[in-house]
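Below are the chains, spelled out letter by letter.
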Amino acid sequence: MTAPGTAPDNDIPAGDDGTPRSSRRVRHWLAGAGVTALAAVLGITLAVRGGATPACAAPPTGNAVHKGTASFYDAGRSGGNCSFPGPPADRLYVALGASQYSGSAACGSYLEVTGPKGKVRVMVMDQCGGCGPSKIDLSTEAFTRIADRSQGIARVTYRAVVNPPLDGGLTFRMKGGASKYWFAVQVGNHGNPLRSVEAKGPGGGFRKAARQSDNHWTIEGGIGPGPYSIRVTDVYGRQATATGIRMVTKQVQRSTAALASASPTPSSSPSAPPSPTIAPAPTPTESVAPTATVEALAGAAAPLDRPRC
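Notes on the structure in this doc start here. (Residues numbered from 1 in each chain as written. Predicted model: local features only at pLDDT ≥ 70, side-chain atom pairs only at ≥ 80, totals over all residues. Heavy atoms only, no water.)

### As for the pattern of salt bridges
Taken as a whole and assessed by the stated rule, the structure comprises 5 salt bridges. Here D148 makes a salt bridge to K117, at a shortest N to O gap of 3.5 Å. Taken together, the residues D148 in the loop between α3 (140–146) and β6 (154–160) and K117 in the loop between β3 (110–115) and β4 (118–127) connect sequence positions 31 residues apart. Salt bridges sharing partners connect three or more residues here, namely D74, R91 and E141. (Salt bridge = Lys/Arg side-chain N within 4 Å of Asp/Glu carboxyl O. Helix = DSSP H or I, 4+ residues; strand = E, 2+ residues; numbered from the N terminus.)

The following block contains the structure:
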């Protein structure tokens, strides 16, 4: 992953410019003000260096076209800051700066990136610590689709892919340490950025989960041993509910519930690009088939509750 950018060493408190002070009290007041100002500057600097989510942040959505530059990197077998089990099978992924990564809100969504040589569809998998709001970091495989690798950095435009066609339905993966007393799940293969995740156990009502920066959704106190029903809503209002999700940690559980459309068949779209998947091929320990219900609340390209920056 790209190393976080280093902030300039300009956090120097203002010195005395020689202006006469009328009293010791004034000098003390000015000294206190200087300390306060220095603390504020240091606080801002530490936030930037620590990769904190900006106050006004949101993933790319809708039809907005963003202009910027792209570099490239290799995440290896890692699933990035989004904590996925691994990169997508086609290794076409992207890391976004803090404002667009938005505390993991962009995880699992897709962008169409256009460069000098063409277009590529990539899945958001990572946060780029050294990327500003107009810089993205593509996988090496994705970068070579849109520019010559020898360039190092290329000018690009990119936009969200709304309702991208995907293989299969939503996937669910309980975090290590989750239990009936602490619910923590990762939702995968959803396509659009997620707005909310709710879950309930047998005999209970739906409770809203809190999004965490590592792309897990948690409910403090837990909701019992399961099995669970999990209701997922994306930023456009599309909603799907999967049932029969078990409390089995670190395993991918697949469902038939889907927020985005199914992948087109080759006959209906010969030029359709291969569809990335978040989870690796199922193993005998991962053969789970929860039931599901799906409800499309809205299909518009205008996201709900988008922050105004």
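### Quick look at the sheet that holds strand β11 (residues 210–211)
Strand order across the open sheet formed by 5 strands is β11-β12-β8-β7-β15, with antiparallel pairing between neighbours. Edge positions in the open sheet fall to β11 and β15 (252–254), since each of these has one partner strand only. (Pairing = 2+ DSSP bridges.)

### Comments concerning the state of the cysteines
In total, this model carries 2 disulfides according to the counting rule given. A disulfide bridge connects C128 with C131, and the sulfur atoms are separated by 2.1 Å. Disulfide C128-C131: torsion about the S-S bond near 70°, hence right-handed. Taken individually, C128 and C131 each receive the classification buried, so the pair is uniform in this respect. (Disulfide = S-S within 2.5 Å. Buried < 20%, exposed > 50% of the residue type's maximum accessible area, 1.4 Å probe, protein only.)

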